[in-house]
Amino acid sequence: MGRVLRQQAKADEAQQAYRESLSMEEELGNKSDAAETRLALAELDCDSGKGAEAEQLSRAAVEAFRADAYSDEEIFAQSMLSRALLQQGKVDEARAAIAEAVRLSEKSQDVTVRIPVILDHAYVMAAGKNLGGAETTAQEALTRARNLGLVRLQLEASLVLGQIQMAGPDRAAGRARLQALEKSARAKGFELIARKAANGHGVL
C-alpha cells in the first residue's frame, strides 16, 4: 500500500503506511522486512530532497541485508544510497556506492533489480559530467524496459533520460520528452513520475 501511495504522490499517507509496517516488523523481530521498509522510507526521503535522512536509512539497510546475505535487496540499498549521496553533492561516495550496486547486480537474473541500478548509474555519470555516457546508459535502460513491457520502469527510465538531456546541450529534446512523459505517466496513474517530469530535473 505504501508503494502505491508513493506512486500516487501521496507522500504523507505512504510514510504513515510504512511507519505502521515498520512498527509491526520491529515488534515481531523481522529484521529483513524492517530493513526493506526503512529502504522504502529512504526512497520517500529522496523524493522530498532529504538526502541526509535517506543516506542514514540506506546505510542501515545495506548493513542489514549484507548480514543476512540478501543480495538483491542489498543491490537496491546500495543504489538508493548512491541517490541519497548525490542529493548531498557527495559525488565520489555516490560513485563508490553505485559501483558496488553494479558489481552485485551482475550476479542477479532479475531485470527489475538490474534496470533501476542502470538508471542510478546514469545519474552518477551525469553528476560526474559524463553526460554522453549517462544518456547512453539511460537509453539502454529505457530500451530494456520497453522491450520487456515493464511500464513503471519504462516511465522511470524516460524520466531519467529526459532529466539528463535537460542538463546537457540537448535541452529541447529533454523538454519534449518530459512534457510527453508528464501526460503519459498521469494517464497511467503514476502521479509522482508525472510531477517529477513537470519539475524537469532530478538529483542532477
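These lines cover the structure that appears in this document, whether it is placed above or below. (Residues numbered from 1 in each chain as written. Predicted model: local features only at pLDDT ≥ 70, side-chain atom pairs only at ≥ 80, totals over all residues. Heavy atoms only, no water.)

A word on the packing of helix H6 (residues 91-105) against helix H7 (residues 111-127)
Spelled out, the test is: Lines are fitted to the C-alpha atoms to define the axes, a helix being fitted only along its stretch in contact, and any angle between axes, read from their N-to-C directions, falls within 0 to 180 degrees. What counts as a helix is a DSSP run of H or I of at least four residues, what counts as a strand is a run of E of at least two, and both are numbered from the N terminus. We call two directions roughly parallel when the angle between them is under 35 degrees, roughly antiparallel when it is over 145, roughly perpendicular when it lies between 65 and 115, and oblique otherwise. Put simply, a crossing is left-handed when the front helix is turned counterclockwise from the back one by less than a right angle, and right-handed when it is turned clockwise. In what follows, residue pairs with any heavy atoms lying within 4.5 Å of each other are defined as contacts. Polar here means any residue outside two lists: the nonpolar Ala, Val, Leu, Ile, Met, Phe, Trp, Tyr, Cys and Pro, and the charged Asp, Glu, Lys and Arg; Gly therefore counts as polar.
Remark: H6 packs on H7, axes separated minimally by 10 Å, with the N-to-C direction vectors making an angle of 155°. Relative to H7, H6 is oriented roughly antiparallel. For the crossing formed where H6 meets H7, the hand is left-handed. Facing Val 91, Ala 94, Arg 95, Ile 98, Ala 101, Val 102 and Ser 105 of H6, the residues of H7 in contact are Arg 114, Val 117, Asp 120, His 121, Val 124 and Ala 127. Taken together, the residues that form the contact of H6 with H7 break down as eight nonpolar, two polar and three charged.

Observations regarding helix H10 (residues 171-187)
Test applied: Here, expected helix span is obtained from the residue count minus one, scaled by 1.5 Å. Exposure classes here rest on a 1.4 Å probe applied to the protein chains alone. A residue is buried below 20% of its type maximum, exposed above 50%, and partly exposed in between. As used here, the arc is the angular range of directions from the helix axis to the C-beta atoms.
With 17 residues, H10 ought to run about 24 Å at 1.5 Å a step, and its terminal C-alpha atoms sit 24 Å apart, in line with that. Residues of H10 that are buried: Gly 174, Leu 178, Leu 181 and Ala 185. The buried residues of H10 all sit within an arc of 65° when viewed along its axis, so they share a single face. Structural note: H10 exposes Ala 172, Lys 183 and Ala 187 on the side pointing more than 90 degrees away from its buried face. Where H10 is buried, its residues meet helix H9 (151-167) and helix H11 (191-199). Positioned one or two residues after H10, Gly 189 has a phi angle of 90°, which is positive.

What to know about the environment of Asn 130
What counts here: Side-chain atoms alone can form a polar contact between residues adjacent in sequence; in general such a contact is a pair of N or O atoms within 3.5 Å, and within protein one must be able to donate a hydrogen while the other accepts it.
Mapped onto the secondary structure, Asn 130 falls in the loop between H7 and helix H8 (131-148). Looking at Asn 130, the relative accessible area reads 38%, which means it is partly exposed. It is 27 Å that separates the C-alpha atoms of Asn 130 and Asp 72, two residues lying 58 residues apart in sequence. Within the structure, the side chain of Asn 130 is placed 3.0 Å from the backbone nitrogen of Gly 133, a separation counted as a polar contact.

Considerations on the pattern of salt bridges
Between side chains of opposite charge, a pair can form as their charged atoms come close. We count it as follows: Salt-bridge detection follows one rule: a side-chain nitrogen of Lys or Arg within 4 Å of a carboxyl oxygen of Asp or Glu.
By the definition in use, this model includes 19 salt bridges. The partner of Glu 191 in a salt bridge is Arg 195, with the nearest N and O atoms 3.1 Å apart. Residue Glu 191 and its partner Arg 195 are located together in helix H11, separated by four residues, close to a single helical turn.

Functional significance is not addressed by these values, which are geometric in nature.
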